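Chain by chain, the residues:
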Amino acid sequence: MTVGVVLHFPQEKAVNEIQERVLPFLKDLPPIMTSILKLDVVIGVGNYTDSIKEVPRLVDLARDSIRFRSLNSKSALSQASDIFVASAVAPDPFPSTLEKNIIALVRRGDDAAAIQLTLQFIQELSKKWDHFHLVQNGMMLLLAHIQEAVLQSGRNPFNEEENPFIQLYEIKEPHELFIWFSEHVITRFASMMQQPQKEQEQDYRRIVTEVMEMIDKNYTNNEISLESCAEASNILPYALSKSFKAVTGVNFIDYLTDVRMRKAQELLVSSDMKVNEIAIVVGYHPSYFNRIFKRLVGVPPGEYRSRHE
């Protein structure tokens, strides 16, 4: 719900004269529009130019003047000329204690308490940092640290369909920040963390079983890896690696190698395929296959075949 307006004046008009005519009008406009539309209206003023080519850049500047506006200002008019002063203000220390408490509550799955502290967190940022874009950046930092906590628990906080940082960046009002963050970050991740430990272990056991079946069916594919299996199972690679070792007693790569070696031994004994062909069939480059076969089985593939003929 944004409207952009380009005002045109005769070139001989001085900037001072234009400001004297336009700014008082613009200052009176927001309350009138608010009373008609029943919506809060903010006007951002870009800059002046005598070149039409500059208009797109100045439109962006007008948008930035709204995004970088002071939260404590009572005026609904924000000028681009104030942006640089606002951006140069050094923010007070980040409310890290509140942040740690929010993360601890999310870890425990206590979304109600975490939401209360999030409101306090936003209020603290607004008091300390004044300008909306700084508050927005503070919320992005909190989001990143919450995601990190979820990652450390072995769960996957990422959603391929949406990027929360882009969604957060597109929010323009402080009260919308709180509503969005409560719903899309706190509630979502706290719910994710509430999953009982036993239930989570069952999920991991099921995933490991599925990955083992995936390996048994696709071991011939030399592209199969811990990362590709984790992606297919919607789990983080290090979480899959840890779970795989816990369930099977061996590492992912050791299990994959064992499956390939057993199949290679079977083919060496039961088929007339050449060693290089067998190497490719079980997902290896021939030269690497020879080395790893000898290291694990104790003899080269050719000698293994001779002994078992």
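Above this text sits the structure in question.
Procedures and definitions
Residues numbered from 1 in each chain as written. Predicted model: local features only at pLDDT ≥ 70, side-chain atom pairs only at ≥ 80, totals over all residues. Heavy atoms only, no water. 1 Å grid on protein atoms, 1.4 Å probe; cavity = no way out; pocket = protein on both sides within 12 Å on 5 of 7 lines; lining within 4 Å. Points joined across faces, edges and corners; volume = space filled by probe spheres on them. Helix = DSSP H or I, 4+ residues; strand = E, 2+ residues; numbered from the N terminus. Phe/Tyr/Trp six-rings, centres within 6.5 Å; stacked < 30°, edge-to-face > 60°. Buried < 20%, exposed > 50% of the residue type's maximum accessible area, 1.4 Å probe, protein only. Lys NZ or Arg CZ within 6 Å of the ring centre and 35° of its normal. Axes fitted to C-alpha atoms, helices over the stretch in contact; angles between N-to-C directions. Parallel < 35°, antiparallel > 145°, perpendicular 65-115°, else oblique. Left-handed = near helix turned anticlockwise from the far one by under 90°. Contact = heavy atoms within 4.5 Å.

## Here's the deal with empty space enclosed by the protein
Scanning the model with the defined rule gives one cavity of 30 Å³ or more in all. One number sums up the size of the largest cavity: a volume of about 40 Å³. Around the largest cavity, the lining residues are Asn159, Glu162, Pro164, Gln167, His184 and Arg188. Listed by contribution, the elements that provide at least two residues to the lining of the largest cavity are helix H7 (164-169) and helix H8 (174-193).

## Comments concerning the packing of aromatic side chains
Summed over all chains, the structure comprises seven aromatic pairs. When the ring of Phe244 is compared with that of Phe252, the centres are 5.6 Å apart and the planes differ by 70 degrees; the resulting orientation is edge-to-face. Phe252 gets classed as buried once you look at its relative accessible area, which sits at 5%. Members of the aromatic cluster, connected to one another through ring pairs, are Tyr284, Tyr288, Phe289, Phe293 and Tyr304. A cation sits over an aromatic face here: Lys172 above Tyr169, 5.6 Å from the ring centre. The cationic tip of Arg260 hangs over the ring face of Tyr284; the distance from NZ or CZ to the ring centre is 4.9 Å.

## Examining the packing of helix H5 (residues 111-129) against helix H6 (residues 132-152)
H6 packs onto H5 with a crossing angle of 140 degrees between their chain directions and a minimal axis gap of 9 Å. Put simply, H5 runs oblique to H6. Seen from above, H5 lies across H6 with right-handed handedness. Taken together, the residues of H6 that come into contact with H5 (itself represented by Thr118, Phe121, Ile122, Leu125, Ser126 and Trp129) are Leu134, Val135, Gly138, Met139 and Leu142.

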